[in-house]
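Residues per chain are reported as follows:
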Amino acid sequence: MNFRSRDRDEPEINLIPFIDVLLVILIFLMLTTTYSKFTQLQLTLPVADAEQMRDRPKEVIVSVAADGRYAVNKTALDGRSVDVVAAALRTAASASPESIIIISADATAPHQSVITVMEAARRAGLTQITFATQSAASAGAAPR
């Protein structure tokens, strides 16, 4: 019988392939992660407190109703297309090419209706656009 003690090598764990696999998984997770922070936002649009508007000859007020109807300087438009709104804006701003377009849209108006007014203003060559708001007191909401 052989009773000699053998010199056994300690088993060795090779960590380099393990680290390589972990780095590949980490890179994969970093590239495929979606940031859903913006999908969880509950938006409350701001209410601005500003002075009362005065009639100025260089202002063209475009009103957008909740159902998407348009009015330019308190004159209702027959159509809802960009061309109809652009023609009305050209007529209203014919006296002054530097006219300011004031978009006064209902809070529940479709977003597309406001974009249509902006596109019509671009086609009419009017570049100065602003939006009308109401004060917090007249909106019936408490300031936050």
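Residues numbered from 1 in each chain as written. Predicted model: local features only at pLDDT ≥ 70, side-chain atom pairs only at ≥ 80, totals over all residues. Heavy atoms only, no water.

Caption draft 1: Here's a closer look at the side chain of S113. Examined against the element boundaries, S113 turns out to sit in helix α3 (residues 111–123). With near-sequence residues (within four places) excluded, S113 lies in contact with V64, G68 and Y70. (Helix = DSSP H or I, 4+ residues; strand = E, 2+ residues; numbered from the N terminus. Contact = heavy atoms within 4.5 Å.)

Caption draft 2: Highlighting the pairing of strand β1 (residues 59–64). One ladder, built from 6 bridges, connects β1 with strand β4 (residues 100–105); its direction is parallel. The partner of V62 across the bridge, within β4, is I103. Where β1 meets strand β2 (residues 70–72), 3 bridges bridge the pair, whose relative direction is antiparallel. Looking at β2, one finds that V62 is bridged to V72. Linking two consecutive strands that pair antiparallel, namely β1 and β2, is a turn of 5 residues; a positive phi of about 95 degrees is found at G68 within it. (Pairing = 2+ DSSP bridges.)

Caption draft 3: Looking closely at helix α2 (residues 82–92). Looking at α2, one finds that the buried residues are V82, V85, A86, A88 and L89. Looking down the long axis of α2, one finds its buried residues gathered within 165 degrees of arc, a one-sided arrangement. Pointing more than 90 degrees away from the buried face of α2 are the exposed residues D83 and T91. Looking at the packing, one finds that the buried side of α2 touches β1, β2, β4 and α3. (Buried < 20%, exposed > 50% of the residue type's maximum accessible area, 1.4 Å probe, protein only. Arc of directions from axis to C-beta.)

Caption draft 4: The side chain of T116, seen in detail. Examined against the element boundaries, T116 turns out to sit in helix α3. Within the structure, the side chain of T116 is placed 2.8 Å from the backbone oxygen of Q112, a separation counted as a polar contact. With residues up to four places along the chain from it excluded, the contact list for T116 reads Y70, R80, S81 and V82. (Polar contact = N/O pair within 3.5 Å; in protein donor to acceptor, adjacent residues only side chain to side chain.)

Caption draft 5: Representation of the packing of α2 against α3 in the model. Between α2 and α3, the shortest axis-to-axis distance is 8 Å and the interhelical angle comes to 55 degrees. Taken together, the axes of α2 and α3 lie oblique to each other. Handedness of the crossing formed by α2 with α3: right-handed. Two secondary-structure elements touch here, α2 through V82, D83, V85, A86, L89 and R90 and α3 through T116, V117, E119, A120, A121 and R123. Looking at the contact of α2 with α3, its residues break down into 7 nonpolar, 1 polar and 4 charged. (Axes fitted to C-alpha atoms, helices over the stretch in contact; angles between N-to-C directions. Parallel < 35°, antiparallel > 145°, perpendicular 65-115°, else oblique. Left-handed = near helix turned anticlockwise from the far one by under 90°. Nonpolar A, V, L, I, M, F, W, Y, C, P; charged D, E, K, R; others polar.)

Caption draft 6: Molecular detail of the pairing of β4. Bridge count between β4 and strand β5 (residues 128–131): 4 bridges; the pairing is parallel. Across the sheet, I102 pairs through a bridge with T130, a residue of β5.

Caption draft 7: Geometry of a nonpolar patch on the surface. Residues I13, L15, F18, I19, V21, L22, L23, I25, L26, F28, L29 and M30 make up a contiguous nonpolar surface patch of about 1,200 Å² in total accessible area. Checked against the element boundaries, L29 lands in helix α1 (residues 16–32). (Patch = residues over 30% accessible without salt bridge, like charges linked within 9 Å, V, L, I, M, F, W, Y side chains within 5 Å. Areas by Shrake-Rupley, 256 points an atom, 1.4 Å probe, with all protein chains shown as cover. Salt bridge = Lys/Arg side-chain N within 4 Å of Asp/Glu carboxyl O.)

Caption draft 8: Seen up close, the nonpolar core. Counting residues in hydrophobic clusters, the biggest one holds 21 residues, and the most contacted among them are V60, V62, V72, L89, I101 and L126. Among the secondary structure elements, those contributing two or more residues to this core are β1, β2, α2, β4 and α3. Per-element tally for this core: the top contributor is α2, with 5 residues. The residues contacting V60, other than those within four sequence positions of it, are V72, N73, L89, A92, A93, S99, I100, I101 and I102. (Core = buried A, V, L, I, M, F, W, Y, C linked by side-chain atoms within 4.5 Å.)

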